[in-house]
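Chain residues, written in single-letter form:
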Amino acid sequence: DFLLREELRPVRFQLELLKPEMMLEEQGIGSTLVIYGSARIPSPDKAQALIDAAVDDRAKIIAQRLADKARYYEEARKLAFLASNSEFRENDGKRHFVVCSGGGPSIMEAANRGAADAGKESIGLNIVLPHEQAPNGYVTPSLSFRFHYFALRKMHFLLRARAVAAFPGGFGTFDEFFELLTLVQTGKVERMPILLYGREFWTRVINFDELLLEGTISPADLDLFQFVETAEEGWDKIREFYELGPEDRETAR
């Protein structure tokens, strides 16, 4: 009750900043591959059931579109597997490109699941919501964190991020993606690979070209991110950015 008092909010901020930072440092995690994405896209084995459960025409359209995006569950899982199976080591002796998700279902689950497929640990940064979002079953328990404040959670997403993959998503994914773009655009965060999975989705829901023509962003801002479709393509982009070829898999430059 004392910690929940209004006057203790700054202390709660500090605790949410310090606890994950200290625990990730203690476990030797130097950098992460952050994977954002919807909590609603079904895994391929559940896609048809979603369509069958639709009760009217609008619901059927929505269910069909979600089902069509089920392939991104598998791509997120494969990307996480590739990153986890190819952890580069630097001279600091820490682990790098450790998979980090929001810890929830769907694309987040796929990310943690891919790391588990590779027999590696992964991070889940969960958030307390009115309708409780429990950590998915693939997050490493010792790396499962639950936040009350979105701002502190978003900070931890990026403190160790070395690459970010954003899959189709809703308000939360847009919030995280655009905040990252703003931080890189303004030089608050160093440039890194920012991968947008699903050109068709992103260009349909966001008209990047019109933003440019309206004069509210510059041509160079469109180079801050790249569209990709497959896990292999995304991982190759990350490897190319850091000039990490097959011969570099033990020591990153």
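In what follows, the structure referred to is the one given above.
Residues numbered from 1 in each chain as written. Predicted model: local features only at pLDDT ≥ 70, side-chain atom pairs only at ≥ 80, totals over all residues. Heavy atoms only, no water.

Enquirer: Is there a simple way to think about empty space enclosed by the protein in this case?
Expert: Take a probe with the size of a water molecule and roll it over the atoms, and the empty space left behind shows itself. Under the counting rule described, the total for this entry stands at 2 cavities of 30 Å³ or more. Volume-wise, the largest cavity comes out at about 40 Å³. Residue composition of the lining of the largest cavity, by class: 4 nonpolar, 2 polar and 1 charged. When its volume is computed, the second largest cavity comes out at roughly 30 Å³. Forming the boundary of the second largest cavity are Tyr36, Lys154, Leu158, Glu176, Glu179 and Leu180. A per-element tally of the lining of the second largest cavity places helix α7 (residues 171-185) first, with 3 residues. Grouping the constituent residues of the lining of the second largest cavity by class yields 3 nonpolar, no polar and 3 charged. (1 Å grid on protein atoms, 1.4 Å probe; cavity = no way out; pocket = protein on both sides within 12 Å on 5 of 7 lines; lining within 4 Å. Points joined across faces, edges and corners; volume = space filled by probe spheres on them. Nonpolar A, V, L, I, M, F, W, Y, C, P; charged D, E, K, R; others polar. Helix = DSSP H or I, 4+ residues; strand = E, 2+ residues; numbered from the N terminus.)

Enquirer: Sorry if this is basic, but what is going on with the environment of Ser106 here?
Expert: Mapped onto the elements of the fold, Ser106 is located in the loop between β2 (98-101) and α5 (107-117). Beyond its immediate stretch of four places on either side in the chain, Ser106 contacts Ser38, Ala39, Arg40, Ile41 and Tyr73. Within the structure, the side chain of Ser106 is placed 2.4 Å from the backbone oxygen of Ile41, a separation counted as a polar contact. (Contact = heavy atoms within 4.5 Å. Polar contact = N/O pair within 3.5 Å; in protein donor to acceptor, adjacent residues only side chain to side chain.)

Enquirer: Is there a simple way to explain the sheet that holds strand β6 (residues 194-197) in this structure?
Expert: Within a beta sheet, neighbouring strands are joined by backbone hydrogen bonds and run either parallel or antiparallel to one another. Ordered by their spatial adjacency, 7 strands build an open sheet running β4-β3-β2-β1-β5-β6-β7, and the pairing between neighbours is parallel. The sheet is open, and its two edges are formed by β4 (144-147) and β7 (226-228), each paired on a single side. Pairwise comparison of adjacent strand axes, ignoring direction, gives a mean angle of 25 degrees for this sheet. Bridge analysis of β6 against β7 gives 3 bridges, and the strand direction is parallel. In the sheet register, Tyr197 faces β7, and the bridge partner there is Val228. Helix α1 (residues 9-26) rests against β3 (123-127) and β4 of the sheet, and its axis sits at about 170 degrees to β4. This element, helix α4 (residues 71-85), spans β1 (32-36), β2, β5 (161-166) and β6 of the sheet and lies at about 175 degrees to β1. (Pairing = 2+ DSSP bridges. Axes fitted to C-alpha atoms, helices over the stretch in contact; angles between N-to-C directions.)

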